[in-house]
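Each chain is listed here by its residues.
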Amino acid sequence: MRLAAGQVAVVTGAASGIGLAMARRFAAEGLKVVLADVEEAALEKAFTRLRDEGAEVLARTVDVGDRTAVLSLADAVYDTFGAVHVLCNNAGVGSGAEGRMWEHDPNDWKWAFSVNVWGVFHGIQAFVPRMIASGEPGHVVNTSSADGGIAPLPTASVYAVTKAAVVTMTESLYAHLKAEHARVGASVLFPGPHMLRTGLWESHRNRPGRYAKQRPRKTPYRSLDQWEAAMKEAGHEVAFTPVEEVAEHVVEGIRADRFWMLPPSEHSDRQIRARARSMLDRADPTYLESFVLD
Ligand SMILES: NC(=O)c1ccc[n+]([C@@H]2O[C@H](COP(=O)([O-])OP(=O)(O)OC[C@H]3O[C@@H](n4cnc5c(N)ncnc54)[C@H](O)[C@@H]3O)[C@@H](O)[C@H]2O)c1
């Protein structure tokens, strides 16, 4: 679709990282932006930053795992701006699960699903009917990850399962929008091609009491800096993709109405081929990589 000044973009998880970069990029195109996030102080900071940069902004504290809260976010957006053209269901968390799947704390699964899967579904239900009914062009971007969206990292399996769900949800959404001849497009975003220096490794900062761990972690959470140092010490190269590059990829993808927002990467292509090959050959999944992200 064509992006034009005066349109409205809603971004969840907009107080930090990729969400904030997308909101700033939409604002640079002259769109009004809605920042939705659960982390109040960071949201306030993001709001002030965008407003000072000249954007028309609405900020709302919202837990995307709470259906009522997302529905009332949509009401507030339509009351304030009267329309939505771009919806980025981007809020996401790492689960903090440790060890083997049979040892996982069920609350790790419940929390990650609440944000990463239910959050996307709530966004679709709260906004898409009104986006379609408006008859105006629109676009939904759901944030997945190469971890799960392409193939799971066995050391981050809860996260991977949620991100695989986002791909399938978005493929289904795409088919439903096409069947309705809607002017609303859909894309699945794989941020990258490298890792991103964002708050994802500190996701536990936003973990709500209702999904608290039922038993304490055996090992302390590892920060991104600690992980990077360990990887370098083990002789691995670590590359990062700037969040602004992801935001640029999203804007280009919306303009091109591209379903797969998957940046060029030989590594991703190899994984996709290896996984597809394994299924076609009915062969064991030997392509699963180990990676230290817990
Ligand atoms: N960082 C990476 O390397 C990477 C790679 C692939 C995919 N992703 C995905 O990108 C998206 C953005 O993550 P990021 O890397 O920018 O991390 P981030 O932690 O910087 O940003 C995530 C934002 O989501 C918010 N959030 C968390 N729980 C929420 C909830 N219940 N309701 C509303 N907001 C909530 C956080 O407060 C934060 O502002 C996530 O979906 C993540 O899974 C990240």
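One can find the structure itself at the top, above this paragraph.
Owing to the predicted nature of the structure, the values given are computational and were not obtained by experimental measurement.

Parameters and conventions
- Residues numbered from 1 in each chain as written.
- Predicted model: local features only at pLDDT ≥ 70, side-chain atom pairs only at ≥ 80, totals over all residues.
- Near = placed C-beta within 6 Å.
- Helix = DSSP H or I, 4+ residues; strand = E, 2+ residues; numbered from the N terminus.
- Nonpolar A, V, L, I, M, F, W, Y, C, P; charged D, E, K, R; others polar.
- Contact = placed C-beta atoms within 7 Å.
- Buried ≥ 20, exposed ≤ 12 C-beta atoms within 10 Å, placed from the backbone.
- Pairing = 2+ DSSP bridges.
- Right-handed = clockwise from strand over helix to strand, strands pointing away.

(A) Just the site of the ligand, in detail. Within the structure, the ligand sits among 30 residues, and Gly13, Gly17, Gly92, Thr198 and Gly199 are positioned closest to it. Broken down by element, the shell around the ligand gets its largest block of residues, three residues, from helix H1 (residues 17-28). Its residues placed into classes, the shell around the ligand shows 13 nonpolar, 14 polar and three charged.

(B) Seen up close, the environment of Val251. When you line up the elements, Val251 lands in helix H8 (residues 243-256). Linking Val251 and Pro137, residues 114 residues apart in sequence, is a C-alpha distance of 15 Å. In this view, Val251 contacts Leu3, Arg25 and Glu29; residues no more than four positions away in its chain are not counted.

(C) Highlighting the pairing of strand E2 (residues 32-37). Most of E2 sits inside the fold, with six of its six residues counted as buried. In E2, alternate side chains face the same way, and those of Lys32, Val34 and Ala36 on one face and Val33, Leu35 and Asp37 on the other are all buried. Of the pairings in the sheet, the one linking strand E1 (residues 8-12) to E2 comprises five bridges and is parallel in character. Directly across from Val10, in E2, lies its bridge partner Val34. Between the parallel pair E1 and E2, the chain is carried across by H1, and the sense of this crossover is right-handed. Where E2 lies against strand E3 (residues 57-61), five bridges are found, and the strand directions are parallel. Across the sheet, the residue bridging to Asp37 is Thr61, located in E3. A crossover links E2 with its parallel partner E3, the connecting element being helix H2 (residues 40-52), and its sense is right-handed.

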